[in-house]
Each structure stands twice: as C-alpha cells, then as structure tokens.
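Structural features, examined
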Amino acid sequence: MGDVEDLRGILYPTRLPTFHREPAPAELTELIRWFWIPRWAIAPGRSSRQEVLPFPASNLVVQPQMVSIAGPTTAISRRDLTGTGWAVGALLRPAALASLRLDPQALRDREEPLDEPDLHAAVCAAMDEPEESAARRRAVAEFSSWARARLTPPDEEARLANTMEELISTDRSMMRVEQVADALHSSPRTVQRLAHRYIGVPPLAMIRRYRLQEAAQRLREEPQQSLADLAADLGYADHAHLTRDFRTVLGFTPRGYRGSDQ
C-alpha cells in the first residue's frame, strides 16, 4: 500500500496535519477512488484552518464520533481543526453512491450521519493501533472489507456514470457538455441525467471543478507560468475567464492565491 500522489483539491498542503491518500483495492476501484486519512494534534488554544476544493463527488467518512456521508459541494470547504483527532474517508465513485441508494441531489452541500455501526467499530479499533502506518493499513483493510460486503457491483448505467466522471476528471479538453456527450457516444441529455442521478451536480459544474483544481495545483507547482498560458492549457478562452471562475468558487483570484502562504 502506498500514498496516492494526486493532490488536487488540497489548496494549502503546508497547513495539512498528517495526511495520506491510500489506493483502494483493485476489486473496489469501480466504487472507491481512494481512501484519505488525516490525523492531527493541535496545541491547546490553537486551531488549524483546512481549506479544500473538493472533488465533485461524495465521501463516506468515519470519525471517532460517527459515520457520515458528505455530498458534493458547490464551493470551497473550510474546517478548523482543534485538539486531537482523525478521520478515515472514502472518495466514492458515482456507482458507489447508487449502491448505497442515496440521492446525491439531497446531499449537495450537506453532511448527514449514516447508521453503519459495524463500519464505525471496525475502523475505530483499527485507528487505535499505536503504530501509525499499521493503523492506516488496518483501517483501509476494515473499510474495504465493509465495502465488499455492503456495496454492490455497478450495473451498465452506473459504469457509464463512472466513465463520464473519469473522462471529465482526466481530459482537460472537455470544457462543454456536448464534448463529453460526443466522447461517450451519447447525448447531452444523457450526460445531464447521469450527473443528476449519480453525482448531484451538473456536468458543467463538474468540468469547472476539475479544471479549477488543476489550476490551483499548477499555480502552486509552476509559479513562473503566466496566467494566460495556464488558462490556454486548461481550455479557457482567456485568463479573464479563469480568473472569474477562480474568484466565484474560491473567493480569491489566481494572483492572490499564488501570492499566499501555501
């Protein structure tokens, strides 16, 4: 088991507590993209603000207090960490949410408790392991065991939703719903329906979210690249369009983000 290298969505990596992304077992990759595990210990009287631009997806999260399902978001996510704690989350593929018979539309911008006591007990016991890497391995193993028993393999439509999401996630040339439909040999109406049923946000919002995630990552890792070149690389008409999307979703401009403490 090794960390997943994809750091899209993490806006301020230097502010993170101990954080790992672990791959899902091969037999679960149609249902879970990866597991993510932060653990923190913040000094008394202090806090650590975490700001994330989440993937357009849902997460199943185990924490010491509860199991919850967090739906897709329409904006940046902020959380102030205090004291000590941990979480073990699974970034769900579209097919997994369908398997849980949950409505992604109802979960948009919401986090709801989920009654899964066996999952909670198993992951909490795993995270009590004194050795950090052993705790992560056991937590992922227990979560994976629960997923094998609880989640059902995707049907043809759910697989198409997965393919749509993967295409938007990885192909930066996808900037319009019609392009996605053409690549899937489908219609824009079908793409809209898949996004509505399996993801909970419109396909255009998915496209913009993935492009903004990559824009933020590139701004961190390639500080000398011009905004005009970055916008062109990501399929934007010009850098003004990129700046407008960036400010609308994140609340600040690309230049402001590039100049911040990352």
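Higher on the page you've got the structure.
Residues numbered from 1 in each chain as written. Predicted model: local features only at pLDDT ≥ 70, side-chain atom pairs only at ≥ 80, totals over all residues. Heavy atoms only, no water.

Some words on the packing of helix α8 (residues 203-221) against helix α10 (residues 239-250)
- Direction vectors running N to C along α8 and α10 enclose 100 degrees, while the axes themselves pass 11 Å from each other. Between α8 and α10, the angle is such that the two are roughly perpendicular. Along the contact surface, α8 presents R208, R209, L212, A215, A216 and L219, while α10 presents L242, D245, F246, V249 and L250.
- Here the residues of the contact of α8 with α10 sort into 8 nonpolar, no polar and 3 charged. (Axes fitted to C-alpha atoms, helices over the stretch in contact; angles between N-to-C directions. Helix = DSSP H or I, 4+ residues; strand = E, 2+ residues; numbered from the N terminus. Parallel < 35°, antiparallel > 145°, perpendicular 65-115°, else oblique. Contact = heavy atoms within 4.5 Å. Nonpolar A, V, L, I, M, F, W, Y, C, P; charged D, E, K, R; others polar.)

Regarding the environment of E116
- With respect to the helices, strands and loops of the structure, E116 is situated in the loop between β9 (111-113) and α3 (117-127).
- The class of E116 is buried, set by a relative accessible area of 12%.
- Separated by 84 residues in the primary sequence, E116 and I32 place their C-alpha atoms 17 Å from one another.
- In this view, E116 contacts V67, W146 and R150; residues no more than four positions away in its chain are not counted.
- A polar side-chain atom of E116 sits 2.9 Å from a polar atom in the side chain of R150. (Buried < 20%, exposed > 50% of the residue type's maximum accessible area, 1.4 Å probe, protein only. Polar contact = N/O pair within 3.5 Å; in protein donor to acceptor, adjacent residues only side chain to side chain.)

With respect to the packing of aromatic side chains
- In the structure shown here, the tally under the stated rule is 8 aromatic pairs.
- The interplanar angle of 70 degrees and the centroid separation of 5.7 Å between the aromatic rings of Y12 and Y257 together place this pair among those described as edge-to-face. One end of the pair, Y12, is in the segment before β1 (18-23); the other, Y257, is in helix α11 (residues 254-258), and 245 residues separate them in sequence.
- By relative accessible area, which is 7% here, Y12 ends up buried.
- Pairwise contacts between aromatic rings join Y12, F246, F252 and Y257 into one cluster. (Phe/Tyr/Trp six-rings, centres within 6.5 Å; stacked < 30°, edge-to-face > 60°.)

Brief notes about the pattern of salt bridges
- Under the defined criterion, the tally for this structure stands at 23 salt bridges.
- With a shortest N-O distance of 2.9 Å, R150 and E116 are connected by a salt bridge. Of this pair, R150 sits in helix α4 (residues 132-150) while E116 is found in the loop between β9 and α3, placing the two residues 34 residues apart along the sequence.
- Judged by relative accessible area, R150 falls into the partly exposed class, the value being 35%.
- In this structure, the salt-bridge partner of E142 is R138, at a minimum N-O distance of 4.0 Å. Here E142 and its partner R138 are both found in helix α4, 4 residues apart, which amounts to about one turn of the helix. (Salt bridge = Lys/Arg side-chain N within 4 Å of Asp/Glu carboxyl O.)

Regarding the pairing of strand β8 (residues 88-92)
- The buried fraction of β8 amounts to 5 of the 5 residues, a majority that puts the element mostly inside the structure.
- Side chains of β8 alternate between two faces, with V88, A90 and L92 and G89 and L91 buried alike.
- Inspection of the sheet shows strand β2 (residues 32-41) paired to β8 by 4 bridges, in the antiparallel sense. Its bridge partner lying in β8, F35 is registered against A90.
- Bridge analysis of strand β4 (residues 59-63) against β8 gives 4 bridges, and the strand direction is antiparallel. For L60, the partnering residue across the bridge sits in β8 and is A90. (Pairing = 2+ DSSP bridges.)

Description of the environment of L102
- Note on placement: L102 falls in the loop between α1 (94-99) and α2 (104-107).
- Between the alpha carbons of L102 and I69 there is a distance of 9.4 Å; along the sequence they are 33 residues apart.
- Other than its neighbours up to four places away in sequence, L102 contacts I69, L97, L107 and L114.

Here's the deal with unusual backbone geometry
- In this structure, D109 is a non-glycine residue whose phi angle is positive, near 60 degrees.
- Within the secondary structure, D109 is located in the loop between α2 and β9.
- Its relative accessible area of 45% is what places D109 among the partly exposed residues.
- A positive phi angle is found at H185, which is not glycine, with a value near 55 degrees.
- Tracing the chain through its elements places H185 in the loop between α6 (177-183) and α7 (188-198).
- Under the relative-accessibility criterion, H185 is labelled exposed at 76%.

Don't take any of this as a statement about function, it's just geometry.
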